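So the chains spell out like this:
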Amino acid sequence: MRFFIRRGIFYVITAWAAVTINFFLPRMMPGDPITSLLVKYQGQISPDAIQSLRVLFGLDTQDSLWTQYIDYWGQLFRGDLGISFTFFPVPVNQVLSSSLPWTLGLVGIATILSVLIGTAVGMIIGWRRGTKADAVLPVATFFSAVPYFWFGLIAILLFAVTWKIFPAAKGYQPGLIPGWNWEFISSVMYHGTLPALTIVISSVAGWILGMRNMMVTVGSEDYVTVAQAKGLKERTVMVGYAARNAVLPQVSSFALALGFIVGGTLVMEMVFSYPGIGYVLFQAIGAKDYPLMQGSFLVITLSILVMNMLADVVYAFLDPRTRQEG
Amino acid sequence: MTATTNYEVPPESNPAGSLPGAPRSKRARVGGTQFLFLRNAKALSGLVILGLFTLIAIIGPWIAPYDPDAFSPDIVQPPSWAHLMGTTHLGQDVFSQVLVGTRYVMVVGFISGIVATILAVIVGVTAGYLGGFSDEVLSLTSNIFLVIPALPLIIIIAGQIDDAGMLIIAAVISLTAWAWGARVLRAQTMSHRRRDYVEAARANGESTPRIILAEILPNLTAIIASSFVGTVTFAVLTQVTLAFIGVTSINDWSWGTILYWAQSNQALIRGAWWWFVPAGLAIAALGVALALVNFGIDEFVNPRLRSTGKYAKALRKRGVRARVGFTPVDLGTKSERHAREQAAEATAASAVIIKEDSK
Amino acid sequence: MTATGNTTTSNTTATPVGGSAENIAAAMNTGDPILEIKNLTVEYGFGDDPTRVLDEVSLTLNRGEVLGLAGESGCGKSTLAYGATRLLPPPGVIKGGQVLFHDRDGTTTDILKLNDSDLRAARWRDFAIVFQGAMNSLNPVHRVGSQLQDAIFAHQSKTSKKVARDRAVYLLEMVGINADRLNAYPHQLSGGMRQRVMIAMALALEPQLLIMDEPTTALDVVMQRQILEEITDLRDRMGFSVIFITHDVSLLVEVADRIAIMYAGEIVEAADARDAYRFPRHPYTKGLLNSFPPLRGPRRELTGIPGSPPDMSKLPQGCRFAERCPFVMDRCRVEDPVLAKTAFGRTEPARLVACHLHDGAASQVPESLAMQANT
């Protein structure tokens, strides 16, 4: 229990840190792009919207930094992240709430597949050291050295341009109306295959290598030798004794890996024009849409924190030593 | 995801645990063993490739056949003798762009690596050695930077700066990359701090800075090196990604910029594979070289991971495989066994003779 | 081969018999051996220059006997036991020898020649190992009960869950652990309890042979005594044979029938436990015993042995103990002595010693190594 409390406090502090970074960044950077945008859209923005932007970015205000900070938090708690200039006049929170599910779906499915496949393959390779299975390692190394998005480009080139099997862009067939019908859902699955596949292929290598190293390390622990001495079946020892322990550091490193996977997915969305937060962020960068950029950062960070919490729950479930003491 | 070496469990000084194992190794002998590292085939090939890239980074602009910015009438041409890697939508030579772009990639990569590693060493070793409140604070800071996603953070920082140049990008990357190394070094330092040789040094009255610098740090060189290599890999991948999405300045040529232009000009739809394949392969080659060096370091630190040697190969050929719980029985080839059996019989025979004699 | 050195002496009254495995076995054998290790050779290292840690070592264990295997750390006693059962971790390689297991029903198998599935079947059922009860010997993520039962299920797959559970409870209670610990995790147990769990686990299938690897080393003295008593008690009840490995020779006197002393990968002395303790015949044994204070009797000066064991990768020619031996002769530095009968051969046929001091007349043996029961 104390384990969860400690982690919970940590996540709260991290969330606070992310928000604070978001607060200080525009106030530290030279120049003031917001004001010029405000001028450009003058007359089209409501006074409320202007006020919210003022609070977010500290525009022409006489208030002390501390007052601004308080106002900032207050506004965030109301869910107001400002107006997006890319999708003017849609508010940022609306842009994000419609694109977040797409990203979560893509990241979720791709990560689960990647972890399951990578851990299983890594377990087998790590256990059967010195056999032909080792040949997978150089291949996995190569794959882990390539940026995700490059794989995406190759995938599009091969499977969408050269051999027109999958669509090259978008989340679903343009023109279809989103709804819970088979036509829409199948279109989503069809469009999502290539992005998901690419993410899985590029990230699985890291899991394979990590699990393999841990299997080799755990394999020399005494309890594995004891298990062999007891005459247990090969599979029992490999899975129940070795893998079951080797997977623990993998779960805790999952949290670290998550940032990387999410980053890679965001870029992948840019390559495929997939309607998730990554693509939104990409468009925001091009338009220098700071409200949207900062809003995206916040939402992405908070989502990662939630996923970390889930990983912690899984870890506590797997390792009885954490459930006990302080 | 890049391959991470799991150093959560610090390697013990006796690799075989409590069971009988090979003779224990003492604390790191820095002198003779570093050359052992260089003899590792993986590390060596990795270093060679790195050296090649460093060379190109230095002399790239001079050996490039064309000015990478120069236009030409040969638009979007596939590779030919005139243009080894084809041309862009403005007739620019892709090969020259790759050569010239190497410098940016290597410079940003290595500067980020150095700065981030220095930060990691300072924070990690201090936290690990001092413990207590300072440790709590430093650990909290590094954990925060670990959990906050690197790429989005870098994007919003760099995105607010107009025309971000090499050094700014390196600085921003270092800001997010130091945390992982700090965590690993903290765990290692804590493990070493409890060992006998450190206690002995403290009992001798050695000052804290001296203990850290002269006693603990040499034992951490392998981990620091591995952390450095990992950070450089991260920096290379990140900066390429940043260039690709248009965050960094497009005035400097780098592999990422090539990909940016390729993507913005529908290279894919045009089927102009030569525009983005070479840059990607270059990134992969650099990444593989760094990974090889890291494997070499891994095998050096953790002897269990080694599998080299002529004898090991001979065993594998005979189908004798090392497995935990099934010690290989290598009775030798038929002739070796025969010779041994004969020698044993001879001794038994002579022993019987002696026994007879003495009666 | 080290056995050839004996051909030079031939006209003395008590001549040591050559050190081949057959003769060692003959000397140690009481007629009903359960385990015969013959000429076991073990090397460490998959590189090009492996270290030979055991060179043609032979040992016999008789049925129902407790054989103590003693020596300093690194002398090879654990290597001998784990090598014989093929449990040496990499980079260990068995380069030669036989390990004959004589089953109750009369069959004999060479453990080194068994294929994987036969070896798995034989393990734990015929011979089991009690590992040191360190934190690491038990799987940290499985409950104690399930670790007791998985061996049962692996060898007797048709066992019902209830039967296996009852047996696990029985085993725990046999070693003095309350049945409510069945669902505990290893990290919730104390060191003494973990060691008992290791013992209970080893007895799960009632093996004929038990190898105990330093079962009391990590425990305090009080716990040590309890565990030793329990082991003796269990041995009396269940009748298994034991190889008891330890560096604490004084323990062995209480628990072992015979003792074999190892040094630098070789057996240097093998004898009845009480005889070895009171009348050592090898200089190393004497030095070893002098390093432990006696629990009873007059206070004795602790001497220890100056120097340290040799580096196994750079073994000297000749006797491996020569550098530290107070009775060293020129011959010792040239010829490695073989395990053979003592200079008092006819009066103590079951004793073996590897020392040139015993390679001549009984009168030439130094006084401290020549004590007898009636003097």
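All figures in this text were calculated on a predicted structure; none of them were measured in a lab.

Basis of the calculations
Residues numbered from 1 in each chain as written. Chains lettered and ligands numbered in written order. Predicted model: local features only at pLDDT ≥ 70, side-chain atom pairs only at ≥ 80, totals over all residues. Pairing = 2+ DSSP bridges. Helix = DSSP H or I, 4+ residues; strand = E, 2+ residues; numbered from the N terminus. pLDDT = per-residue confidence, 0-100. Contact = placed C-beta atoms within 7 Å. Nonpolar A, V, L, I, M, F, W, Y, C, P; charged D, E, K, R; others polar. Axes fitted to C-alpha atoms, helices over the stretch in contact; angles between N-to-C directions. Buried ≥ 20, exposed ≤ 12 C-beta atoms within 10 Å, placed from the backbone.

1. Observations regarding the sheet that holds strand S12 (residues 352-353) of chain C
All names here are of chain C.
Step number 1: Taking strand neighbours across the sheet as the criterion, the eight strands line up as S6-S7-S8-S3-S9-S10-S12-S11 in an open arrangement whose pairing is mixed. Edge positions in the sheet fall to strand S6 (127-130) and strand S11 (340-341), since each of these pairs with one other strand and no more.
Step number 2: For strand S9 (residues 258-263) and strand S10 (residues 266-272), the ladder comprises six bridges, and the chain directions are antiparallel. Within S10, the position partnered with alanine 260 by the bridge is alanine 270.

2. Structural notes on the confidence of the model for chain C
Step number 1: Mean pLDDT over chain C stands at 83; residues scoring 70 or higher make up 90%.
Step number 2: Note that pLDDT drops below 50 for residues 1-19 of chain C; the model gives that stretch 53 contacts with residues more than four away or on any other chain.

3. Overview of the confidence of the model for chain B
Residue and element names in this part refer to chain B.
Step number 1: Predicted confidence across chain B gives a mean pLDDT of 77, with 77% of residues reaching 70 or more.
Step number 2: Per-element averaging of pLDDT across chain B places helix H1 (residues 30-39) at the bottom with 52 and helix H3 (residues 94-130) at the top with 90.
Step number 3: Below pLDDT 50 for its whole length, residues 351-359 participates in 13 contacts with residues either more than four positions away or in separate chains.

4. Points about the interface of chain A and chain B
Step number 1: Each partner contributes to the interface: chain A provides 65 residues, whereas chain B provides 57 residues.
Step number 2: Listing elements by their share of the side of chain A that touches chain B, those giving two or more residues are helix H1 (2-28), helix H6 (136-144), helix H7 (148-162), helix H8 (182-219), helix H9 (222-229), helix H10 (234-272), helix H11 (277-287) and helix H12 (290-318) of chain A.
Step number 3: Here the element with the most residues in the side of chain A that touches chain B is H10(A); it accounts for 14 residues.
Step number 4: Across the side of chain A that touches chain B, the residue classes tally to 40 nonpolar, 23 polar and two charged.

5. Re the sheet that holds strand S4 (residues 92-102) of chain C
Residues and elements named next belong to chain C.
Step number 1: Strand order in the open sheet formed by four strands is S2-S1-S4-S5, and the pairing between neighbours is antiparallel. Looking at strand neighbours, the two that pair on one side only are strand S2 (51-62) and strand S5 (108-110), the edges of this open sheet. Direction aside, neighbouring strands of the sheet carry axes that sit 5° apart on average.
Step number 2: The pairing of strand S1 (residues 33-44) with S2 spans eight bridges and is antiparallel. Directly across from tyrosine 44, in S2, lies its bridge partner threonine 51.

6. Overview of unusual backbone geometry
Residues and elements named next belong to chain C.
Step number 1: A cis amide bond, omega 10°, links proline 90 with the succeeding residue proline 91.
Step number 2: Its location among the elements puts proline 91 in the loop between helix H2 (77-84) and S4.
Step number 3: The residue tryptophan 124 is not glycine, and still its phi comes out positive at about 75°.
Step number 4: Relative to the elements of secondary structure, tryptophan 124 occurs in the loop between helix H3 (116-122) and S6.
Step number 5: For tryptophan 124, a count of 23 C-beta atoms within 10 Å gives the class buried.

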